[in-house]
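What follows is the residue order along each chain.
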Amino acid sequence: MTISQGDKIPDVKLVKATADGPDAVQSSEFFAGKKVALFGVPGAFTPTCSAKHLPGYVEKAADLKAKGIDEIACLSVNDAFVMGAWGKDAGSDDVTMLADGSADFATALGLDADFSGYGMGTRAQRFSMIVNDGVVEELNVEGPGEFKVSSAEHMLGQL
């Protein structure tokens, strides 16, 4: 079942990509006590994710924070080293890179997708959400092949 507005974020281990290497964190701790703009992508370094999704949040980071967002986080079903490299290549210090290496978080959210036809296995659907103190306030899930409602621009309109 897919998570909905008003639901609490499931408690799953994630790994933050940091300058000092991988840093494991429970999702309940990561989302506690702050307002987080979370966006999920099918994969680091993939075309739409690299050309539009991550750059949009990097570009709009100050605008999101000016509207009350405490932290911006990018989630992908990749390991922390890949997320760290992608963050170094295309991200900024304004976006926390979260690795969901085994798709545990995406699956717990009900936002997993089978990308086996592309040789990628289980991945996250393209989505965005506003999470306030661990509770989903807004949820935007893209249709297959789309990039509209999960963009930073769309999220800004929800704040």
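This text follows the structure it describes.
Colleague: Where do I start with the overall build of the protein chain in this structure?
Modeller: Tallying secondary structure elements over the protein chain gives six helices and nine strands in all. Here the protein chain has a C-alpha radius of gyration of 14 Å; the compact-globule value for 159 residues is 15 Å, and the two agree. Going through the 159 residues of the protein chain one by one, you find that 48% of them count as buried. Taking contacts inside the protein chain between residues at least 6 apart in sequence as the whole, the part at least 24 apart equals 62%. For the protein chain, the exposed area adds up to about 7300 Å²; of that, 47% sits on carbon and sulfur atoms. The protein chain carries 13 positive and 23 negative side-chain charges, and their two centres are separated by 3 Å.

Colleague: Where do I start with the pairing of strand β3 (residues 35–41) in this structure?
Modeller: Along a regular strand, successive side chains alternate from one face of the sheet to the other. For β3, the buried fraction is high: seven of the seven residues fall into the buried class. Burial along β3 is two-sided: the face carrying Lys35, Ala37, Phe39 and Val41 and the face carrying Val36, Leu38 and Gly40 are both buried. Relative to strand β8 (residues 127–132), β3 runs antiparallel, the two sharing six bridges. Each residue of the ladder has a partner; that of phenylalanine 39, found in β8, is serine 128.

Colleague: Mind showing me how you'd approach the nonpolar core here?
Modeller: Among soluble globular proteins, nonpolar side chains are generally buried collectively. Judged by nonpolar contacts, the single largest core of 24 residues is most densely connected at Ile9, Leu38, Phe105 and Met129. Mapped by element, the contributors of at least two residues to this core are β3, β4 (71–76), α5 (104–109), β8 and β9 (135–141). Ignoring anything within four residues of it in the chain, the contact list for phenylalanine 105 reads Ile9, Pro10, Val12, Leu14, Ser27, Phe31, Leu38, Leu75 and Asp100. Judged by nonpolar contacts, the second largest core, of 23 residues, contains Ala37, Leu64, Ile69 and Ala99.

Colleague: Any chance you could explain the environment of glutamine 125 here in plain terms?
Modeller: Tracing the sequence through the fold places glutamine 125 in the loop between β7 (122–124) and β8. Residue classification places glutamine 125 among the partly exposed residues on the basis of a relative accessible area of 23%. A sequence separation of 33 residues divides glutamine 125 from glutamine 158, and the C-alpha atoms of the two residues are 20 Å apart. Polar side-chain contacts of glutamine 125 include one of 3.4 Å to the backbone oxygen of aspartate 112.

Colleague: Explain the packing of aromatic side chains here, please?
Modeller: In the structure shown here, the tally under the stated rule is four aromatic pairs. Where phenylalanine 30 meets phenylalanine 31, the ring centres are 5.0 Å apart and the plane angle is 85 degrees; that geometry is what we call edge-to-face. Phenylalanine 30 sits in the buried class, given a relative accessible area of 3%. Judged by relative accessible area, which is 0%, phenylalanine 31 ranks as buried. Summarising the aromatic geometry, the rings of phenylalanine 31 and phenylalanine 105 are spaced 6.2 Å apart at their centres and angled 10 degrees between planes, so their arrangement reads as stacked. Of the two residues, phenylalanine 31 sits in the loop between α1 (27–30) and β3 while phenylalanine 105 sits in helix α5, which places them 74 residues apart along the sequence. For the pair phenylalanine 31 and phenylalanine 105, one class covers both residues: buried. Members of the aromatic cluster, joined through ring pairs, are Phe30, Phe31 and Phe105. The side chain of lysine 34 reaches across the aromatic face of phenylalanine 30, ending 4.4 Å from its centre.

Colleague: Just checking my understanding: could you explain the sheet that holds β9 for this structure?
Modeller: In a beta sheet, neighbouring strands are held together by backbone hydrogen bonds and run either parallel or antiparallel to one another. With mixed pairing, seven strands are arranged side by side in an open sheet as β2-β1-β5-β4-β3-β8-β9. Of all the strands in the sheet, the pair left with one neighbour each is β2 (21–26) and β9. Ignoring which end each strand starts from, the neighbouring axes of this sheet average 25 degrees apart. Sheet strands touched by helix α4 (residues 80–90): β1 (13–18), β2, β3, β4 and β5 (95–99). Its angle to β5, the strand with the most contacts, is close to 155 degrees.

Basis of the calculations
- Residues numbered from 1 in each chain as written.
- Predicted model: local features only at pLDDT ≥ 70, side-chain atom pairs only at ≥ 80, totals over all residues.
- Heavy atoms only, no water.
- Helix = DSSP H or I, 4+ residues; strand = E, 2+ residues; numbered from the N terminus.
- Rg over C-alpha atoms; globule rule 2.2 N^0.38 Å.
- Buried < 20%, exposed > 50% of the residue type's maximum accessible area, 1.4 Å probe, protein only.
- Contact = heavy atoms within 4.5 Å.
- Areas by Shrake-Rupley, 256 points an atom, 1.4 Å probe, with all protein chains shown as cover.
- Lys, Arg positive; Asp, Glu negative; His and termini not counted.
- Charge placed at Lys NZ, Arg CZ, Asp CG, Glu CD.
- Pairing = 2+ DSSP bridges.
- Core = buried A, V, L, I, M, F, W, Y, C linked by side-chain atoms within 4.5 Å.
- Polar contact = N/O pair within 3.5 Å; in protein donor to acceptor, adjacent residues only side chain to side chain.
- Phe/Tyr/Trp six-rings, centres within 6.5 Å; stacked < 30°, edge-to-face > 60°.
- Lys NZ or Arg CZ within 6 Å of the ring centre and 35° of its normal.
- Axes fitted to C-alpha atoms, helices over the stretch in contact; angles between N-to-C directions.

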